[in-house]
Amino acid sequence: MKEQLNSLRAKGISELNALNNADQLPEWYHRYLGRKGELTSLLKQLGTLSAEERPVMGKVINEFKQELQVSFEQRQQTLRENKLNQELEIDDLDVTLPGRPCTTGHLHLTTQTLRRIYQIFQEMGFQVYEAPEVETDEYNFQLLNIPEYHPARDMWDTFWVDDEVVLRTHTSPGQIWAMREYAPEPIRVILPGKCYRYEQITPRSEHQFYQVEGLTIGKNIRLTDLIGVMSEFAHKMYGAERKVRIRGSYFPFTEPSIEIDMSCSCEENGCRLCKYTGWLEVAGAGMVHPVVLRNGGYDPDEWSGFAFGMGVERPALLKHSINDIRYFYGNDLRFLQQF
Ligand code: PHE
């Protein structure tokens, strides 16, 4: 039996070394180390040996098995390396070729602008408050003092989901949400978010856009507080040299209502941006209407507040001299990568 073992070893090892292809390895493995291989049949013969010889031979066979196993793994390793080297040679892989750079994205211009706006208002003590994009007629209009059939509804061309549900046409319904949550405590929030209007898409207008609403409620809040906050904002956002002016306006949910303009960077010389007026529109605003205060849960005899609503894309567009608002949603990388 020992002889048998020795010749098996010699044969096994020499056959293993003769293999020159990794594909041939499984076959060899089967033949020598497999469940039906040569070694197993040797182990089976152990039964024919005497009780003294059996453990001795068993040990020898096991050592032999381990030896074959180790040789097999070494050979496998060598053959794999050979194969890889061959492939590398054949395919002529040029490892010095520079890789393709991975491009990383960055924040969208709108997001960058929004974050700057948050930061400026945060410094003035405003919190960010988010309200729904899909609204009821009640919140989008009625509670803001715009009853059904009120002619002011024409100011907001509306996407109707059904008879009672709309895509919000402005961030103002958020005023009601905030008031109803905080009443009767003072409020100082901005409400950013997307708005929708059923409008023709042109270089100047989109049917989806961002607004940032502002709302403060407190005791003795006056129009001058609103003007102060807006001029602080204009200075921080666009530079200390900017001037702010107000014009009378009309919104059903503010009284009085104003429009806030900011001096153009052309400094009154006139340019196309400001249509040669020297002024740019920044926001619609005013003192919160008593009816709206009441709808929000505040007694107008005790509380007052101001509100404003401004666009986000338009100022970004002005700042970077972008001549078409449609780029903001066009997803054209050539545009996006510039900011
Ligand atoms: N919601 C108004 C609009 O979209 C803007 C506005 C907000 C005006 C708050 C006054 C007060 O046109």
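In what follows, the structure referred to is the one given above.
Residues numbered from 1 in each chain as written. Predicted model: local features only at pLDDT ≥ 70, side-chain atom pairs only at ≥ 80, totals over all residues. Heavy atoms only, no water.

A few points about helix α4 (residues 53-91)
Phase 1 of the analysis: The first and last C-alpha atoms of α4 sit 56 Å apart over 39 residues, in line with the 57 Å expected at 1.5 Å per residue.
Phase 2 of the analysis: On its buried side, α4 packs onto α1 (2-18), α2 (25-33) and α3 (38-45).
Phase 3 of the analysis: Following α4 by one or two positions, D92 adopts a phi angle in the positive range, close to 55 degrees. (Helix = DSSP H or I, 4+ residues; strand = E, 2+ residues; numbered from the N terminus. Expected span 1.5 Å × (residues − 1). Contact = heavy atoms within 4.5 Å.)

Some words on the site of the ligand
Phase 1 of the analysis: As a structural note, the neighbourhood of the ligand is formed by 15 residues, with H170, S172, R197, Q211 and E213 the closest of them.
Phase 2 of the analysis: Measuring from a nitrogen atom of the ligand, one finds a side-chain N or O atom of H170 at 3.0 Å.
Phase 3 of the analysis: Measuring from an oxygen atom of the ligand, one finds a side-chain N or O atom of Q211 at 3.0 Å.
Phase 4 of the analysis: Listed by contribution, the elements that provide at least two residues to the shell around the ligand are β5 (208-218), β8 (279-288) and β9 (304-311).
Phase 5 of the analysis: For the shell around the ligand, the per-class residue count stands at 6 nonpolar, 7 polar and 2 charged. (Near = heavy atom within 4 Å. Polar contact = N/O pair within 3.5 Å; in protein donor to acceptor, adjacent residues only side chain to side chain. Nonpolar A, V, L, I, M, F, W, Y, C, P; charged D, E, K, R; others polar.)

Quick notes on a negative patch on the surface
Phase 1 of the analysis: Taken together, the side chains of E87, D91, D92 and D94 define an acidic patch exposed on the protein surface.
Phase 2 of the analysis: With respect to the helices and strands, the residue D92 is situated in the loop between α4 and α5 (109-123). (Patch = residues over 30% accessible without salt bridge, like charges linked within 9 Å, V, L, I, M, F, W, Y side chains within 5 Å. Areas by Shrake-Rupley, 256 points an atom, 1.4 Å probe, with all protein chains shown as cover. Salt bridge = Lys/Arg side-chain N within 4 Å of Asp/Glu carboxyl O. Lys, Arg positive; Asp, Glu negative; His and termini not counted. Charge placed at Lys NZ, Arg CZ, Asp CG, Glu CD.)

Concerning the sheet that holds β9
Phase 1 of the analysis: Strand order in the open sheet formed by 7 strands is β1-β4-β5-β9-β8-β7-β6, with mixed pairing between adjacent strands. Because the sheet does not close on itself, it has two edges, and the strands there are β1 (127-128) and β6 (244-249).
Phase 2 of the analysis: Alignment of β5 against β9, held across 8 bridges, turns out to be antiparallel. In the sheet register, T216 faces β9, and the bridge partner there is F306.
Phase 3 of the analysis: This element, helix α7 (residues 173-182), spans β1, β4 (187-196), β5, β8 and β9 of the sheet and lies at about 145 degrees to β4.
Phase 4 of the analysis: Contacts from helix α8 (residues 223-238) reach β6, β7 (254-263), β8 and β9 within the one sheet, and its direction differs from that of β9 by about 30 degrees. (Pairing = 2+ DSSP bridges. Axes fitted to C-alpha atoms, helices over the stretch in contact; angles between N-to-C directions.)

Thoughts on the pattern of salt bridges
Phase 1 of the analysis: Within this structure, the stated rule accounts for 13 salt bridges.
Phase 2 of the analysis: Of the charged contacts in the structure, one is a salt bridge between K236 and E123, with a shortest N-O distance of 3.2 Å. Of this pair, K236 sits in helix α8 while E123 sits in helix α5; the two residues are 113 residues apart in sequence, bridging distant segments of the chain.
Phase 3 of the analysis: The exposure class of K236 is partly exposed, given its relative accessible area of 31%.
Phase 4 of the analysis: Note that R153 and D137 form a salt bridge whose closest N and O atoms lie 2.9 Å from each other. (Buried < 20%, exposed > 50% of the residue type's maximum accessible area, 1.4 Å probe, protein only.)

A short note on the environment of F141
Phase 1 of the analysis: Examined against the element boundaries, F141 turns out to sit in the loop between α6 (137-140) and β3 (165-167).
Phase 2 of the analysis: Overall, the relative accessible area of 1% leaves F141 in the buried class.
Phase 3 of the analysis: Along the sequence, F141 and E53 sit 88 residues apart, while their C-alpha atoms lie 101 Å from each other.
Phase 4 of the analysis: Sequence-distant contacts of F141, that is, excluding residues within four places in its chain, are made with I146, R153, W156, T158, W160 and T169.

As for the packing of α2 against α4
Phase 1 of the analysis: It is the contact of α2 with α4, at a shortest axis distance of 11 Å, that shows an interaxial angle of 180 degrees. When the axes of α2 and α4 are compared, the pair comes out roughly antiparallel. Residues L25, W28, Y29, Y32 and L33 of α2 form the contact with α4, whose participating residues are K65, L68, Q69, F72, R75, Q76 and L79.
Phase 2 of the analysis: Of the residues assigned to the contact of α2 with α4, the class counts are 8 nonpolar, 2 polar and 2 charged. (Parallel < 35°, antiparallel > 145°, perpendicular 65-115°, else oblique.)

Points about the pairing of β4
Phase 1 of the analysis: Most of β4 sits inside the fold, with 9 of its 10 residues counted as buried.
Phase 2 of the analysis: Relative to β4, β1 is paired through 2 bridges, and the arrangement is parallel. If you follow Q127 over to β4, its bridge partner there is V189.
Phase 3 of the analysis: By the bridge criterion, 10 bridges tie β4 to β5 in an arrangement that is antiparallel.

Some words on a nonpolar patch on the surface
Phase 1 of the analysis: Together, L84, L88, L93 and V95 make up a nonpolar patch on the protein surface, roughly 410 Å² of accessible area in all.
Phase 2 of the analysis: As for its placement among the helices and strands, L88 is situated in helix α4.
Phase 3 of the analysis: A residue is classified by how much of its surface remains accessible, and L88, at 39% relative accessible area, is partly exposed.

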